[in-house]
Amino acid sequence: MRQNNVSAIIDLNEPSDALLPLTQFRPVGTLPFAGRYRLIDFPLSAISNAGIRDVGMFMPRSARSVQDHVRSGDAWNLDSIRGGIFTFPYVANKDYSDPANRRRYFDDYLTFLRKSDSSYTIVIGARNVDNINVQEVQQFHVEGNNPITVLYKRQLPDKVNANEEALNISDAGDVTTIMKASEITPDPVNHMVPMHMGVYFLRTSLLIDLLQNASQREEFIRLPEILHEALEVYNANGYEYTGFYANINTIKRYFDANMAMLDEANYQALLFSQREIYTKNLNEIPTFFSKGSDVNTSLLGTGCRIEAKRIIPLFSGGSLLIAVPRLKIPSSCRAQKLVPVAS
């Protein structure tokens, strides 16, 4: 993939109420994951592994933790002389009856896209745990019949919420509408539902046209809704993602996705495949275990101090623990499964 052929938009303004209080002072994208990672590492790594160097990051209301983690983007090889990460201030929920706010919302996207001089753009969020091959998505898009490509993951109906977004896919393989999962008939062969991942791939010129047209409408409409409408107007190519996947939209899913990383097969497949997941290196001292600590199955960030004499075991002879960097677990701790979250 030649440099500047693809640009990326990372929209960090994602629903987070269902993850409170974890998201009270931080966006979904900077929630810790698997000890040393943050959720935003997954889209940044996918972008970096594809050789993309123009990244527009649209900041959430609480942007401090994003800036602290991403900084210049050097951990993802995005601190290049030409291109790099361009951050745009939070504007998602301002009063858009004010023409100045509406103009600013669209101008930020349009300015980035025009200056990127890219042929294609991938639009992605930070709430998914996955390892997307963007180069493969681009090839799939070029060979497809539709101007937009949307990503989906097949899941069992009992693993999704009825109101979550799923894709209606025609017999020809075209995505025609976005519907509630409860409205989609599971595939008769594998009994699964194609769940919308919220990732779009399209020509930059088309995205610019969509944004320009939306900016002239009487009612205000945000980028996710613009893309939803465009999918139903043009239809889309449906790219099936088959790797490890978790949509972090509830505390239970956040917990379960972390616990899944204690399975070595999941851990290696997600984080250390041919497309490695990168994160900021803290360069800290190793985690310290006191003589009385008792933890057998764990994923630990650096700089932790584990003093717990006994964490109630999930199975005979051990316990499950995932700890973020610089965490201290005192001797008074009693838990069966533990996923601490940094403040």
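Cut-offs and rules
- Residues numbered from 1 in each chain as written.
- Predicted model: local features only at pLDDT ≥ 70, side-chain atom pairs only at ≥ 80, totals over all residues.
- Heavy atoms only, no water.
- Phe/Tyr/Trp six-rings, centres within 6.5 Å; stacked < 30°, edge-to-face > 60°.
- Helix = DSSP H or I, 4+ residues; strand = E, 2+ residues; numbered from the N terminus.
- Buried < 20%, exposed > 50% of the residue type's maximum accessible area, 1.4 Å probe, protein only.
- Axes fitted to C-alpha atoms, helices over the stretch in contact; angles between N-to-C directions.
- Parallel < 35°, antiparallel > 145°, perpendicular 65-115°, else oblique.
- Left-handed = near helix turned anticlockwise from the far one by under 90°.
- Contact = heavy atoms within 4.5 Å.
- Nonpolar A, V, L, I, M, F, W, Y, C, P; charged D, E, K, R; others polar.
- Salt bridge = Lys/Arg side-chain N within 4 Å of Asp/Glu carboxyl O.
- Expected span 1.5 Å × (residues − 1).
- Arc of directions from axis to C-beta.
- Pairing = 2+ DSSP bridges.
- Polar contact = N/O pair within 3.5 Å; in protein donor to acceptor, adjacent residues only side chain to side chain.

Caption draft 1: Broad picture of the packing of aromatic side chains. In total, this model carries 13 aromatic pairs according to the counting rule given. Arranged with centres 6.2 Å apart and planes meeting at 75°, the rings of Phe88 and Phe112 form a pair that is edge-to-face. Here the residue Phe88 occupies a position in strand 5 (residues 84-88), and Phe112 occupies one in helix 3 (residues 99-116), the gap between them amounting to 24 residues. With respect to burial, Phe88 and Phe112 carry one shared label: buried. Consider the rings of Tyr241 and Tyr245, whose centres lie 6.5 Å apart with planes at 70°: the pair is edge-to-face. On the basis of relative accessibility, which here comes to 6%, the residue Tyr241 falls in the buried class. Three or more aromatic residues joined by ring pairs form one cluster here, namely Phe58, Phe86, Phe88, Tyr105, Phe106, Tyr109, Phe112 and Phe220.

Caption draft 2: Representation of unusual backbone geometry. Omega for the peptide link from Leu20 to Pro21 comes to 5°, which places this bond in the cis form. Checked against the element boundaries, Pro21 lands in the loop between strand 1 (6-11) and strand 2 (32-33). Backbone geometry at Arg71 places phi at a positive 50°, although glycine is not the residue there. Counting through the fold element by element, Arg71 comes out in the loop between helix 2 (64-70) and strand 5.

Caption draft 3: Quick look at the packing of helix 3 against helix 5 (residues 204-215). Packing of helix 3 against helix 5 brings their axes to within 10 Å, and their N-to-C directions diverge by 165°. Considered as vectors, helix 3 and helix 5 are oriented roughly antiparallel to each other. Considering how the two elements wind past one another, helix 3 and helix 5 form a crossing that is left-handed. Note on element contacts: helix 5 touches helix 3 through Thr204, Leu207, Ile208, Leu211, Gln212, Ala214 and Ser215, opposite Arg102, Phe106, Tyr109, Leu110, Leu113 and Arg114. Split into classes, the residues belonging to the contact of helix 3 with helix 5 amount to eight nonpolar, three polar and two charged.

Caption draft 4: Geometry of the pattern of salt bridges. For the coordinates displayed, the defined rule picks out eight salt bridges. Between Glu240 and Arg154 there is a salt bridge; the shortest N-O distance is 3.4 Å. Within this pair, whereas Glu240 is found in strand 12 (residues 236-240), its partner Arg154 is found in strand 8 (residues 148-155), the two being separated by 86 residues in sequence. Glu164 is paired through a salt bridge with Arg253; the nearest N and O atoms lie 2.5 Å apart. One end of the pair, Glu164, is in the loop between strand 8 and strand 9 (165-169); the other, Arg253, is in helix 7 (residues 251-260), with 89 residues separating them in the sequence.

Caption draft 5: Seen up close, helix 6 (residues 223-234). The terminal C-alpha atoms of helix 6, which comprises 12 residues, lie 16 Å apart, in line with the 16 Å expected from a rise of 1.5 Å per residue. Residues of helix 6 that are buried: Leu223, Ile226, Leu227, Ala230 and Leu231. End-on, the buried residues of helix 6 take up no more than an arc of 135°, which puts them together on one face. Following helix 6 by one or two positions, Asn235 has its phi on the positive side, about 70°.

Caption draft 6: Looking closely at the environment of Ile148. As for its placement among the helices and strands, Ile148 is situated in strand 8. Between the C-alpha atom of Ile148 and that of Phe201, which follows or precedes it by 53 residues, the distance is 5.9 Å. Contact partners of Ile148, with chain neighbours within four places excluded, come to His141, Tyr200, Phe201, Leu202, Leu206, Ala230, Leu231, Tyr234, Asn235, Ala236 and Asn237.

Caption draft 7: Quick peek at the pairing of strand 10 (residues 174-180). Pairing geometry for strand 9 and strand 10, over five bridges, is antiparallel. Note that in strand 10 the partner of Leu167 across the bridge is Ile178. In sequence, strand 9 turns back onto strand 10 through a hairpin of four residues, with Gly173 there showing a positive phi of about 90°. Relative to strand 12, strand 10 runs antiparallel, the two being bridged by two bridges. The residue bridging Val175 from the neighbouring strand is Ala236, located in strand 12.

Caption draft 8: Local environment of the side chain of Ser118. By secondary structure assignment, the location of Ser118 is in the loop between helix 3 and strand 6 (120-124). Given the relative accessible area of 12%, Ser118 is considered buried. Reaching out from Ser118, the side chain makes a polar contact with the side chain of Ser116 at a distance of 3.0 Å. From its side chain, Ser118 meets the backbone oxygen of Tyr120 in a polar contact 3.3 Å long.

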